[in-house]
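# Observations on the three-dimensional arrangement
What follows is each chain in one-letter form.
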Amino acid sequence: MATKTLDAPLETQLWIGGKKTKSSTGKAFPVTNPATGEVIAKVAEGGAQDVDLAVKAALRAAEGPWGKMSPRQRARVLFNVAARVRDAAEELAQLETKNTGKTLADSRDEAAGVADTLEYYAGAVSKYFGETIPVGNPGLEFTLRQPVGVCALIVPWNYPMTITTWKLAPALACGNTVVIKPASWTPLSALRLAELCAEGGVPEGVVNVVAGPGGVVGEGLASHPLVRKISFTGETGTGARITKAAADSIKRVSLELGGKSPNIVFDDADLDLCVEKSIGSVFGNAGQDCCARSRAIVHHKIYDKFLADITARTKKMVVGDPLSKGTEMGPMISLKQRDSVRGHVELGQKEGARLTCGAEALPSGLPKAGAYIRPAVFADAKPKMKVVQEEIFGPVLCVLPFKTEEEAVALANDSPYGLSGSLWTRDVGRALRVAKAVQTGNMSVNSSTSVYLEAPFGGFKTSGLGRELGMKAMDLYSEVKSVFISEA
Ligand code: NAD
(Lines give C-alpha, C1' and ligand atoms only; values in the text may rest on other atoms or scores of the structure.)
Protein backbone atom coordinates (compact mmCIF):
# COMPACT_ATOMS: atom_id res chain seq x y z
CA MET A 1 0.00 0.00 0.00
CA ALA A 2 1.57 3.31 -1.06
CA THR A 3 0.77 5.60 1.83
CA LYS A 4 3.48 8.22 1.48
CA THR A 5 1.06 10.67 -0.17
CA LEU A 6 -2.69 10.69 -0.39
CA ASP A 7 -3.04 12.84 -3.50
CA ALA A 8 -5.31 10.24 -5.08
CA PRO A 9 -7.55 7.82 -3.17
CA LEU A 10 -5.74 4.67 -2.11
CA GLU A 11 -7.15 1.42 -3.37
CA THR A 12 -6.61 -1.22 -0.73
CA GLN A 13 -7.23 -4.93 -0.74
CA LEU A 14 -7.65 -7.43 2.03
CA TRP A 15 -4.49 -8.83 3.63
CA ILE A 16 -4.69 -12.61 3.80
CA GLY A 17 -1.93 -15.22 3.92
CA GLY A 18 0.82 -12.59 3.83
CA LYS A 19 -0.32 -10.79 0.71
CA LYS A 20 -2.84 -8.38 -0.73
CA THR A 21 -5.91 -10.38 -1.66
CA LYS A 22 -8.92 -9.40 -3.73
CA SER A 23 -12.20 -9.51 -1.90
CA SER A 24 -14.69 -12.21 -2.86
CA THR A 25 -17.47 -9.63 -2.89
CA GLY A 26 -15.78 -7.56 -5.59
CA LYS A 27 -17.04 -4.52 -3.71
CA ALA A 28 -15.14 -1.56 -2.25
CA PHE A 29 -16.30 1.05 0.24
CA PRO A 30 -15.12 4.66 0.48
CA VAL A 31 -13.15 5.99 3.42
CA THR A 32 -13.20 9.73 4.00
CA ASN A 33 -11.07 12.33 5.73
CA PRO A 34 -13.42 13.74 8.39
CA ALA A 35 -11.60 17.08 8.32
CA THR A 36 -12.54 17.70 4.70
CA GLY A 37 -15.11 15.12 3.67
CA GLU A 38 -12.81 13.97 0.84
CA VAL A 39 -12.65 10.31 -0.12
CA ILE A 40 -9.11 9.20 0.70
CA ALA A 41 -9.40 5.49 0.03
CA LYS A 42 -11.48 2.80 -1.57
CA VAL A 43 -11.23 -0.24 0.60
CA ALA A 44 -11.94 -3.79 -0.56
CA GLU A 45 -15.00 -5.04 1.32
CA GLY A 46 -14.65 -8.51 2.78
CA GLY A 47 -17.50 -11.03 2.96
CA ALA A 48 -18.17 -14.37 4.62
CA GLN A 49 -15.92 -16.22 2.14
CA ASP A 50 -13.00 -13.92 2.93
CA VAL A 51 -13.49 -14.46 6.66
CA ASP A 52 -13.23 -18.19 6.08
CA LEU A 53 -10.15 -17.79 3.87
CA ALA A 54 -8.42 -15.59 6.47
CA VAL A 55 -9.25 -17.90 9.39
CA LYS A 56 -7.93 -20.92 7.48
CA ALA A 57 -4.76 -19.02 6.52
CA ALA A 58 -4.29 -18.16 10.21
CA LEU A 59 -4.82 -21.78 11.23
CA ARG A 60 -2.26 -23.03 8.69
CA ALA A 61 0.21 -20.41 9.90
CA ALA A 62 -0.19 -21.58 13.48
CA GLU A 63 0.84 -25.04 12.35
CA GLY A 64 3.68 -23.69 10.18
CA PRO A 65 6.97 -21.85 10.97
CA TRP A 66 5.32 -19.51 13.49
CA GLY A 67 4.18 -22.38 15.66
CA LYS A 68 7.65 -23.94 15.53
CA MET A 69 9.62 -20.76 16.29
CA SER A 70 11.38 -20.61 19.64
CA PRO A 71 10.13 -17.93 22.02
CA ARG A 72 13.40 -16.04 21.60
CA GLN A 73 13.01 -15.99 17.81
CA ARG A 74 9.40 -14.84 18.18
CA ALA A 75 10.53 -12.00 20.44
CA ARG A 76 13.16 -10.99 17.89
CA VAL A 77 10.53 -10.81 15.16
CA LEU A 78 8.38 -8.54 17.35
CA PHE A 79 11.37 -6.27 18.04
CA ASN A 80 11.97 -6.13 14.26
CA VAL A 81 8.36 -5.13 13.65
CA ALA A 82 8.67 -2.42 16.32
CA ALA A 83 11.74 -1.06 14.50
CA ARG A 84 9.79 -0.98 11.21
CA VAL A 85 7.00 0.89 12.94
CA ARG A 86 9.49 3.45 14.32
CA ASP A 87 10.86 3.98 10.81
CA ALA A 88 7.35 4.40 9.44
CA ALA A 89 6.04 6.41 12.41
CA GLU A 90 5.55 9.70 10.59
CA GLU A 91 3.82 7.97 7.69
CA LEU A 92 1.52 6.11 10.11
CA ALA A 93 0.76 9.32 12.01
CA GLN A 94 -0.15 11.23 8.84
CA LEU A 95 -2.30 8.34 7.66
CA GLU A 96 -4.11 8.08 11.00
CA THR A 97 -4.78 11.82 11.18
CA LYS A 98 -6.14 11.88 7.65
CA ASN A 99 -8.38 8.93 8.42
CA THR A 100 -9.60 9.92 11.90
CA GLY A 101 -9.28 13.71 12.21
CA LYS A 102 -7.24 13.42 15.42
CA THR A 103 -4.49 16.01 15.80
CA LEU A 104 -1.16 15.16 14.26
CA ALA A 105 0.51 15.51 17.66
CA ASP A 106 -1.83 12.82 19.02
CA SER A 107 -1.24 10.55 16.04
CA ARG A 108 2.52 10.93 16.45
CA ASP A 109 2.22 9.92 20.11
CA GLU A 110 0.10 6.95 19.09
CA ALA A 111 2.55 5.79 16.40
CA ALA A 112 5.35 5.89 19.00
CA GLY A 113 3.01 4.02 21.36
CA VAL A 114 2.48 1.28 18.77
CA ALA A 115 6.25 0.68 18.66
CA ASP A 116 6.47 0.84 22.48
CA THR A 117 3.69 -1.75 22.76
CA LEU A 118 5.37 -4.12 20.32
CA GLU A 119 8.64 -3.78 22.23
CA TYR A 120 6.95 -4.34 25.59
CA TYR A 121 5.36 -7.60 24.41
CA ALA A 122 8.53 -8.68 22.61
CA GLY A 123 10.15 -8.42 26.05
CA ALA A 124 7.22 -10.17 27.68
CA VAL A 125 7.73 -13.34 25.62
CA SER A 126 10.63 -14.43 27.85
CA LYS A 127 9.08 -13.25 31.11
CA TYR A 128 5.79 -15.09 30.99
CA PHE A 129 5.98 -18.65 32.25
CA GLY A 130 4.28 -21.33 34.28
CA GLU A 131 4.91 -22.56 37.79
CA THR A 132 5.73 -25.72 39.70
CA ILE A 133 3.09 -26.80 42.19
CA PRO A 134 3.41 -29.11 45.23
CA VAL A 135 0.81 -31.89 44.87
CA GLY A 136 -0.31 -35.06 46.66
CA ASN A 137 1.67 -37.69 44.70
CA PRO A 138 5.45 -37.97 44.26
CA GLY A 139 6.51 -36.29 41.04
CA LEU A 140 6.55 -32.93 39.33
CA GLU A 141 3.43 -30.88 38.66
CA PHE A 142 3.96 -27.82 36.51
CA THR A 143 2.04 -25.49 34.23
CA LEU A 144 2.73 -24.43 30.68
CA ARG A 145 1.38 -21.43 28.79
CA GLN A 146 0.25 -22.35 25.32
CA PRO A 147 -1.29 -20.31 22.48
CA VAL A 148 -5.09 -20.23 22.23
CA GLY A 149 -5.10 -20.57 18.44
CA VAL A 150 -6.69 -18.26 15.88
CA CYS A 151 -7.68 -14.97 17.54
CA ALA A 152 -10.12 -12.51 15.98
CA LEU A 153 -9.28 -8.92 16.89
CA ILE A 154 -12.26 -6.59 16.37
CA VAL A 155 -11.32 -2.94 16.63
CA PRO A 156 -13.24 0.39 16.87
CA TRP A 157 -12.55 3.65 15.05
CA ASN A 158 -11.46 5.97 17.85
CA TYR A 159 -7.88 4.70 18.36
CA PRO A 160 -7.46 2.39 15.36
CA MET A 161 -3.73 1.66 15.36
CA THR A 162 -3.36 1.84 19.14
CA ILE A 163 -6.15 -0.59 19.96
CA THR A 164 -5.15 -2.90 17.11
CA THR A 165 -1.68 -3.12 18.66
CA TRP A 166 -2.95 -3.58 22.22
CA LYS A 167 -4.45 -6.83 20.92
CA LEU A 168 -2.01 -7.82 18.20
CA ALA A 169 1.22 -7.55 20.22
CA PRO A 170 0.26 -9.81 23.17
CA ALA A 171 -1.56 -12.22 20.82
CA LEU A 172 1.61 -12.66 18.77
CA ALA A 173 3.84 -12.72 21.86
CA CYS A 174 1.87 -15.74 23.10
CA GLY A 175 2.34 -17.48 19.76
CA ASN A 176 -1.17 -17.08 18.32
CA THR A 177 -2.20 -16.12 14.80
CA VAL A 178 -4.79 -13.42 14.15
CA VAL A 179 -7.47 -12.03 11.89
CA ILE A 180 -7.94 -8.30 12.41
CA LYS A 181 -11.30 -6.70 11.68
CA PRO A 182 -10.80 -2.90 11.62
CA ALA A 183 -13.71 -0.47 11.93
CA SER A 184 -15.13 0.50 8.55
CA TRP A 185 -14.43 4.20 9.08
CA THR A 186 -10.77 3.57 9.87
CA PRO A 187 -9.26 0.49 8.23
CA LEU A 188 -6.10 2.08 6.79
CA SER A 189 -3.58 1.87 9.62
CA ALA A 190 -4.35 -1.80 10.35
CA LEU A 191 -3.72 -2.67 6.70
CA ARG A 192 -0.42 -0.80 6.84
CA LEU A 193 0.54 -2.46 10.14
CA ALA A 194 0.01 -5.88 8.58
CA GLU A 195 2.51 -4.96 5.86
CA LEU A 196 4.99 -3.75 8.47
CA CYS A 197 4.59 -7.06 10.33
CA ALA A 198 5.48 -8.93 7.14
CA GLU A 199 8.49 -6.64 6.56
CA GLY A 200 9.60 -7.32 10.13
CA GLY A 201 9.63 -11.07 9.52
CA VAL A 202 6.21 -12.24 10.71
CA PRO A 203 5.54 -15.32 8.56
CA GLU A 204 2.69 -15.35 6.08
CA GLY A 205 -0.78 -16.04 7.43
CA VAL A 206 0.08 -15.07 11.01
CA VAL A 207 -1.52 -11.64 10.61
CA ASN A 208 -4.56 -11.22 8.38
CA VAL A 209 -6.81 -8.19 7.92
CA VAL A 210 -10.36 -8.34 6.62
CA ALA A 211 -12.19 -5.01 6.37
CA GLY A 212 -15.95 -4.97 5.87
CA PRO A 213 -19.27 -4.55 7.65
CA GLY A 214 -19.42 -5.48 11.33
CA GLY A 215 -22.55 -7.56 10.84
CA VAL A 216 -20.80 -9.68 8.18
CA VAL A 217 -17.07 -9.76 8.91
CA GLY A 218 -17.20 -9.17 12.67
CA GLU A 219 -20.10 -11.51 13.23
CA GLY A 220 -18.58 -14.03 10.79
CA LEU A 221 -15.45 -14.13 12.94
CA ALA A 222 -17.42 -14.32 16.19
CA SER A 223 -19.33 -17.37 14.97
CA HIS A 224 -16.57 -19.09 12.96
CA PRO A 225 -15.93 -22.54 14.48
CA LEU A 226 -12.14 -22.36 13.94
CA VAL A 227 -11.69 -19.04 15.75
CA ARG A 228 -10.76 -19.79 19.36
CA LYS A 229 -10.67 -16.30 20.82
CA ILE A 230 -12.43 -12.98 20.24
CA SER A 231 -10.89 -9.79 21.50
CA PHE A 232 -13.33 -6.95 20.99
CA THR A 233 -13.30 -3.24 21.68
CA GLY A 234 -16.38 -1.20 20.90
CA GLU A 235 -19.88 -0.45 22.08
CA THR A 236 -21.42 -2.40 24.93
CA GLY A 237 -24.36 -3.50 22.73
CA THR A 238 -22.03 -4.86 20.06
CA GLY A 239 -20.03 -6.65 22.77
CA ALA A 240 -23.20 -8.41 23.93
CA ARG A 241 -24.04 -9.49 20.36
CA ILE A 242 -20.52 -10.83 19.84
CA THR A 243 -20.63 -12.76 23.11
CA LYS A 244 -23.85 -14.47 21.99
CA ALA A 245 -22.41 -15.31 18.56
CA ALA A 246 -19.28 -16.72 20.23
CA ALA A 247 -21.20 -18.82 22.73
CA ASP A 248 -21.99 -21.86 20.56
CA SER A 249 -18.32 -22.67 20.02
CA ILE A 250 -17.29 -21.63 23.59
CA LYS A 251 -14.75 -19.10 22.38
CA ARG A 252 -12.63 -17.15 24.80
CA VAL A 253 -14.04 -13.62 24.76
CA SER A 254 -12.53 -10.43 26.13
CA LEU A 255 -14.38 -7.14 25.85
CA GLU A 256 -13.39 -3.49 26.24
CA LEU A 257 -16.62 -1.55 26.05
CA GLY A 258 -18.22 1.82 26.68
CA GLY A 259 -17.81 4.25 29.55
CA LYS A 260 -19.19 7.33 31.24
CA SER A 261 -16.34 8.04 33.57
CA PRO A 262 -16.52 10.25 36.67
CA ASN A 263 -14.11 13.05 37.52
CA ILE A 264 -14.55 13.76 41.25
CA VAL A 265 -13.23 17.11 42.44
CA PHE A 266 -12.96 17.74 46.19
CA ASP A 267 -12.70 21.23 47.67
CA ASP A 268 -9.00 20.82 48.55
CA ALA A 269 -7.96 20.01 44.97
CA ASP A 270 -5.33 21.96 43.06
CA LEU A 271 -8.03 23.54 40.92
CA ASP A 272 -5.84 25.04 38.19
CA LEU A 273 -4.14 21.70 37.54
CA CYS A 274 -7.43 19.85 37.78
CA VAL A 275 -9.19 22.13 35.24
CA GLU A 276 -6.34 21.94 32.74
CA LYS A 277 -6.09 18.15 32.97
CA SER A 278 -9.86 17.69 32.98
CA ILE A 279 -10.06 19.49 29.64
CA GLY A 280 -7.73 16.90 28.14
CA SER A 281 -9.50 13.99 29.79
CA VAL A 282 -12.93 14.84 28.41
CA PHE A 283 -12.24 16.68 25.14
CA GLY A 284 -9.10 14.79 24.03
CA ASN A 285 -9.65 12.91 20.77
CA ALA A 286 -12.76 15.11 20.36
CA GLY A 287 -14.34 13.28 23.29
CA GLN A 288 -14.31 10.01 21.34
CA ASP A 289 -12.62 8.18 24.14
CA CYS A 290 -14.02 5.28 26.14
CA CYS A 291 -12.26 6.72 29.23
CA ALA A 292 -13.54 10.30 28.70
CA ARG A 293 -14.19 11.86 32.09
CA SER A 294 -17.57 13.10 30.90
CA ARG A 295 -19.17 13.51 34.37
CA ALA A 296 -17.47 16.11 36.58
CA ILE A 297 -18.73 15.58 40.14
CA VAL A 298 -17.68 18.70 42.01
CA HIS A 299 -17.81 19.70 45.69
CA HIS A 300 -20.50 22.36 46.16
CA LYS A 301 -18.06 24.84 47.76
CA ILE A 302 -15.93 25.04 44.61
CA TYR A 303 -18.66 24.20 42.10
CA ASP A 304 -19.10 27.78 40.79
CA LYS A 305 -15.38 28.38 40.48
CA PHE A 306 -14.77 25.03 38.74
CA LEU A 307 -17.64 25.69 36.35
CA ALA A 308 -16.45 29.21 35.52
CA ASP A 309 -12.85 28.09 34.99
CA ILE A 310 -13.64 25.03 32.91
CA THR A 311 -16.12 26.98 30.81
CA ALA A 312 -13.58 29.75 30.18
CA ARG A 313 -10.88 27.22 29.23
CA THR A 314 -13.27 25.26 27.01
CA LYS A 315 -14.28 28.41 25.15
CA LYS A 316 -10.60 29.00 24.39
CA MET A 317 -10.04 25.53 22.94
CA VAL A 318 -8.62 25.69 19.43
CA VAL A 319 -10.84 23.60 17.18
CA GLY A 320 -9.59 23.25 13.63
CA ASP A 321 -7.51 21.49 11.02
CA PRO A 322 -5.90 18.49 12.74
CA LEU A 323 -2.77 18.92 10.63
CA SER A 324 -2.20 22.50 11.86
CA LYS A 325 0.15 23.15 14.75
CA GLY A 326 -1.72 24.49 17.75
CA THR A 327 -4.99 22.71 17.02
CA GLU A 328 -6.29 21.19 20.25
CA MET A 329 -9.31 19.43 18.82
CA GLY A 330 -9.86 18.23 15.27
CA PRO A 331 -13.15 17.11 13.74
CA MET A 332 -15.14 14.14 14.95
CA ILE A 333 -14.89 10.88 13.02
CA SER A 334 -17.89 11.59 10.77
CA LEU A 335 -20.80 13.92 10.15
CA LYS A 336 -23.08 11.19 11.50
CA GLN A 337 -21.23 11.09 14.82
CA ARG A 338 -21.10 14.90 14.94
CA ASP A 339 -24.85 15.09 14.39
CA SER A 340 -25.43 12.48 17.07
CA VAL A 341 -23.51 14.71 19.51
CA ARG A 342 -25.52 17.75 18.43
CA GLY A 343 -28.66 15.70 19.15
CA HIS A 344 -27.39 14.97 22.67
CA VAL A 345 -26.67 18.64 23.27
CA GLU A 346 -30.25 19.50 22.27
CA LEU A 347 -31.53 16.69 24.45
CA GLY A 348 -29.57 17.95 27.46
CA GLN A 349 -31.10 21.40 27.04
CA LYS A 350 -34.58 19.88 26.79
CA GLU A 351 -33.89 17.88 29.95
CA GLY A 352 -33.12 21.13 31.78
CA ALA A 353 -29.32 21.14 31.97
CA ARG A 354 -27.73 24.56 31.42
CA LEU A 355 -25.30 24.85 28.49
CA THR A 356 -22.46 27.17 29.56
CA CYS A 357 -20.53 26.81 26.30
CA GLY A 358 -20.56 24.82 23.09
CA ALA A 359 -22.86 26.91 20.96
CA GLU A 360 -20.12 29.32 19.77
CA ALA A 361 -19.42 29.63 16.05
CA LEU A 362 -16.64 27.53 14.57
CA PRO A 363 -13.68 29.37 13.03
CA SER A 364 -14.47 30.51 9.50
CA GLY A 365 -12.65 28.75 6.70
CA LEU A 366 -13.13 25.20 7.95
CA PRO A 367 -14.49 22.94 5.19
CA LYS A 368 -18.29 22.61 5.36
CA ALA A 369 -18.03 18.87 4.91
CA GLY A 370 -15.67 18.61 7.92
CA ALA A 371 -17.23 17.02 11.03
CA TYR A 372 -16.36 19.89 13.37
CA ILE A 373 -18.12 20.79 16.58
CA ARG A 374 -17.28 23.02 19.57
CA PRO A 375 -16.81 21.27 22.92
CA ALA A 376 -19.77 21.75 25.26
CA VAL A 377 -20.25 22.02 29.02
CA PHE A 378 -23.53 21.40 30.84
CA ALA A 379 -24.05 22.87 34.31
CA ASP A 380 -26.70 21.79 36.82
CA ALA A 381 -26.95 18.33 35.30
CA LYS A 382 -29.09 15.87 37.28
CA PRO A 383 -27.97 12.26 37.84
CA LYS A 384 -30.86 10.63 35.95
CA MET A 385 -30.72 12.84 32.87
CA LYS A 386 -29.93 10.92 29.68
CA VAL A 387 -26.95 13.17 28.98
CA VAL A 388 -25.53 12.08 32.34
CA GLN A 389 -26.35 8.40 31.97
CA GLU A 390 -25.61 7.72 28.28
CA GLU A 391 -22.23 7.54 26.61
CA ILE A 392 -22.30 10.44 24.14
CA PHE A 393 -18.87 9.65 22.69
CA GLY A 394 -18.22 13.26 21.82
CA PRO A 395 -16.95 16.47 23.45
CA VAL A 396 -19.69 17.02 26.04
CA LEU A 397 -19.06 17.46 29.78
CA CYS A 398 -21.81 17.31 32.41
CA VAL A 399 -21.05 18.98 35.77
CA LEU A 400 -22.89 17.85 38.92
CA PRO A 401 -22.48 19.16 42.50
CA PHE A 402 -22.06 17.04 45.66
CA LYS A 403 -21.87 17.75 49.40
CA THR A 404 -20.35 14.68 51.08
CA GLU A 405 -17.78 12.03 50.16
CA GLU A 406 -20.52 9.36 50.30
CA GLU A 407 -22.64 11.36 47.89
CA ALA A 408 -19.71 11.78 45.50
CA VAL A 409 -19.11 8.02 45.46
CA ALA A 410 -22.83 7.29 45.01
CA LEU A 411 -23.01 9.70 42.07
CA ALA A 412 -19.87 8.19 40.51
CA ASN A 413 -21.35 4.70 40.82
CA ASP A 414 -24.77 5.71 39.47
CA SER A 415 -23.91 4.43 36.00
CA PRO A 416 -24.23 1.16 34.12
CA TYR A 417 -20.60 1.65 33.11
CA GLY A 418 -17.40 1.22 35.13
CA LEU A 419 -14.35 1.87 33.01
CA SER A 420 -12.23 4.72 34.39
CA GLY A 421 -12.31 7.71 36.67
CA SER A 422 -10.29 10.42 38.32
CA LEU A 423 -10.38 12.07 41.70
CA TRP A 424 -8.74 15.25 42.90
CA THR A 425 -7.85 15.81 46.56
CA ARG A 426 -4.77 16.39 48.72
CA ASP A 427 -6.16 14.11 51.48
CA VAL A 428 -4.38 10.77 51.04
CA GLY A 429 -6.84 8.79 53.15
CA ARG A 430 -9.79 10.14 51.22
CA ALA A 431 -8.03 9.46 47.93
CA LEU A 432 -7.57 5.82 48.88
CA ARG A 433 -11.12 5.38 50.24
CA VAL A 434 -12.72 6.88 47.15
CA ALA A 435 -10.42 5.11 44.67
CA LYS A 436 -11.45 1.81 46.30
CA ALA A 437 -15.16 2.64 46.45
CA VAL A 438 -15.65 3.78 42.86
CA GLN A 439 -16.71 0.81 40.74
CA THR A 440 -14.34 1.19 37.80
CA GLY A 441 -11.42 -0.81 36.46
CA ASN A 442 -9.07 2.18 36.48
CA MET A 443 -8.75 5.25 38.72
CA SER A 444 -6.29 8.13 38.70
CA VAL A 445 -5.63 10.45 41.64
CA ASN A 446 -4.57 14.04 40.91
CA SER A 447 -4.02 13.01 37.32
CA SER A 448 -6.28 12.32 34.39
CA THR A 449 -4.17 9.46 33.08
CA SER A 450 -5.01 5.94 34.13
CA VAL A 451 -4.00 4.02 31.01
CA TYR A 452 -0.42 2.82 30.92
CA LEU A 453 1.01 0.22 28.57
CA GLU A 454 2.56 -1.59 31.54
CA ALA A 455 -0.58 -1.69 33.74
CA PRO A 456 -3.86 -3.61 33.34
CA PHE A 457 -6.76 -1.82 31.69
CA GLY A 458 -10.42 -2.79 31.53
CA GLY A 459 -13.87 -2.32 32.92
CA PHE A 460 -16.24 -3.21 35.73
CA LYS A 461 -19.99 -3.67 35.10
CA THR A 462 -21.02 -3.20 31.45
CA SER A 463 -17.65 -1.69 30.51
CA GLY A 464 -16.08 -5.01 29.77
CA LEU A 465 -14.62 -8.38 30.54
CA GLY A 466 -10.92 -9.11 31.06
CA ARG A 467 -7.91 -6.81 31.26
CA GLU A 468 -5.77 -5.63 28.36
CA LEU A 469 -2.25 -4.19 28.60
CA GLY A 470 0.54 -5.09 30.99
CA MET A 471 1.31 -8.72 31.70
CA LYS A 472 -2.40 -9.38 32.39
CA ALA A 473 -3.03 -9.22 28.63
CA MET A 474 -0.87 -12.32 28.20
CA ASP A 475 -3.52 -14.26 30.17
CA LEU A 476 -6.09 -13.33 27.50
CA TYR A 477 -4.06 -14.94 24.72
CA SER A 478 -2.82 -18.14 26.33
CA GLU A 479 -4.17 -21.37 27.73
CA VAL A 480 -2.80 -22.83 30.95
CA LYS A 481 -1.83 -26.47 30.68
CA SER A 482 -1.16 -28.49 33.79
CA VAL A 483 1.30 -31.42 33.46
CA PHE A 484 2.15 -34.05 36.08
CA ILE A 485 5.21 -36.31 35.74
CA SER A 486 5.25 -39.21 38.13
CA GLU A 487 8.44 -40.05 39.99
CA ALA A 488 7.39 -43.65 40.27
P1 NAD B 1 -18.82 -0.54 17.47
O2 NAD B 1 -19.24 -1.49 18.52
O3 NAD B 1 -19.85 0.03 16.60
O4 NAD B 1 -17.76 -1.22 16.49
C5 NAD B 1 -16.55 -1.79 16.93
C6 NAD B 1 -16.10 -2.84 15.94
O7 NAD B 1 -17.06 -3.90 15.93
C8 NAD B 1 -16.02 -2.34 14.50
O9 NAD B 1 -14.93 -2.95 13.86
C10 NAD B 1 -17.34 -2.81 13.92
O11 NAD B 1 -17.30 -2.94 12.52
C12 NAD B 1 -17.50 -4.15 14.60
N13 NAD B 1 -18.89 -4.63 14.66
C14 NAD B 1 -20.03 -3.92 14.56
N15 NAD B 1 -21.10 -4.74 14.66
C16 NAD B 1 -20.64 -5.99 14.85
C17 NAD B 1 -21.24 -7.26 15.05
N18 NAD B 1 -22.56 -7.41 15.06
N19 NAD B 1 -20.43 -8.34 15.22
C20 NAD B 1 -19.09 -8.20 15.24
N21 NAD B 1 -18.45 -7.02 15.04
C22 NAD B 1 -19.22 -5.93 14.86
O23 NAD B 1 -17.98 0.58 18.23
P24 NAD B 1 -17.36 1.89 17.61
O25 NAD B 1 -18.48 2.84 17.31
O26 NAD B 1 -16.39 1.53 16.51
O27 NAD B 1 -16.48 2.42 18.82
C28 NAD B 1 -16.98 3.23 19.82
C29 NAD B 1 -17.29 2.43 21.07
O30 NAD B 1 -16.12 1.73 21.46
C31 NAD B 1 -17.66 3.28 22.26
O32 NAD B 1 -18.74 2.70 22.96
C33 NAD B 1 -16.41 3.26 23.11
O34 NAD B 1 -16.61 3.52 24.47
C35 NAD B 1 -15.91 1.91 22.85
N36 NAD B 1 -14.47 1.83 23.15
C37 NAD B 1 -14.08 1.16 24.26
C38 NAD B 1 -12.74 1.10 24.60
C39 NAD B 1 -12.27 0.37 25.83
O40 NAD B 1 -11.09 0.06 25.89
N41 NAD B 1 -13.11 0.05 26.77
C42 NAD B 1 -11.80 1.71 23.78
C43 NAD B 1 -12.24 2.39 22.65
C44 NAD B 1 -13.59 2.42 22.34
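Everything numeric here is computed off the predicted structure, so don't read it as measured data.

### What about the overall build of the protein chain?
- Across its full length, the protein chain holds 16 helices and 22 strands.
- At 23 Å, the protein chain has a C-alpha radius of gyration in line with the 23 Å of a compact globule built from 488 residues.
- Over its C-alpha atoms, taken along the principal directions, the protein chain stretches across nearly 70 × 65 × 40 Å.
- Counting only residues that meet the buried cut, the protein chain has 57% of its 488 residues in that class.
- For the protein chain, contacts bridging at least 24 residues in sequence account for 74% of all contacts bridging at least 6.
- Accessible surface for the protein chain amounts to roughly 19900 Å². Of this, 55% is attributable to carbon and sulfur atoms.

### Brief notes about the site of the ligand
- Near the ligand you find 27 residues, and of these V155, K181, E219, T238 and E391 are the closest.
- In the environment of the ligand, an oxygen atom lies 2.7 Å from a nitrogen or oxygen atom belonging to the backbone of V155.
- E219 is positioned with one of its side-chain polar atoms (N or O) 2.7 Å from a nitrogen atom of the ligand.
- Elements that contribute at least two residues to the shell around the ligand include exactly α8 (214-223), β10 (227-233) and α9 (236-247).
- When residues are assigned to domains, the shell around the ligand turns out to be shared by domain 1 (10-257 + 464-483) and domain 2 (262-452), each giving three or more.

### Points about the domain arrangement of the protein chain
- Domain boundaries in the protein chain define domain 1 (10-257 + 464-483) and domain 2 (262-452).
- Across the contact, 25 residues belong to domain 1 and 27 residues belong to domain 2.
- Interface area for domain 1 against domain 2, summed over the two sides, is near 1900 Å², with a carbon-plus-sulfur share of 62%.
- For the domain 1 face of the interface with domain 2, the top three residues by lost area are A35, W157 and W185, together amounting to 26%.
- The tally of links from domain 1 across to domain 2 stands at 0 salt bridges.
- Counting across the domain 1 and domain 2 interface gives 6 residue pairs in polar contact (both at pLDDT 80 or more).
- Elements with a contribution of two residues or more to the side of domain 1 that touches domain 2: α4 (89-100) and α5 (104-124).
- Element by element, the count of residues in the side of domain 1 that touches domain 2 is highest for α4, at 5 residues.

### Quick look at the sheet that holds strand β5 (residues 39-44)
- If you walk across this open sheet you meet the 3 strands as β1-β5-β4, and the pairing is mixed. What marks the edges here is a single partner per strand, and that holds for β1 (10-12) and β4 (28-32). Each strand axis lies, on average, 20 degrees off the axis of its neighbour in the sheet, ignoring direction.
- Sheet analysis places β1 next to β5, joined by 3 bridges and oriented parallel. Within the sheet, the bridge partner assigned to T12 lies in β5 and is V43.

### Overview of the pattern of salt bridges
- On inspection of all chains with the given rule, the structure shows 23 salt bridges.
- Notably, a salt bridge pairs E195 with K20, separated by 4.0 Å at the nearest N-O pair. Within this pair, whereas E195 is found in helix α7 (residues 188-199), its partner K20 is found in strand β3 (residues 19-21), the two being separated by 175 residues in sequence.
- Its relative accessible area of 44% is what places K20 among the partly exposed residues.
- Residues joined in a network through salt bridges with shared partners are K20, E91, R192, E195 and E199.

### Here's the deal with the environment of L419
- Along the chain, L419 falls in the loop between β17 (417-418) and β18 (422-424).
- Sequence separation of L419 and T462 is 43 residues, and the distance between their C-alpha atoms is 8.5 Å.

What counts as what
- Residues numbered from 1 in each chain as written.
- Predicted model: local features only at pLDDT ≥ 70, side-chain atom pairs only at ≥ 80, totals over all residues.
- Heavy atoms only, no water.
- Helix = DSSP H or I, 4+ residues; strand = E, 2+ residues; numbered from the N terminus.
- Rg over C-alpha atoms; globule rule 2.2 N^0.38 Å.
- Buried < 20%, exposed > 50% of the residue type's maximum accessible area, 1.4 Å probe, protein only.
- Contact = heavy atoms within 4.5 Å.
- Areas by Shrake-Rupley, 256 points an atom, 1.4 Å probe, with all protein chains shown as cover.
- Near = heavy atom within 4 Å.
- Polar contact = N/O pair within 3.5 Å; in protein donor to acceptor, adjacent residues only side chain to side chain.
- Domains from an automatic or database assignment.
- Buried area = accessible area lost by both parts, 1.4 Å probe.
- Salt bridge = Lys/Arg side-chain N within 4 Å of Asp/Glu carboxyl O.
- Pairing = 2+ DSSP bridges.
- Axes fitted to C-alpha atoms, helices over the stretch in contact; angles between N-to-C directions.

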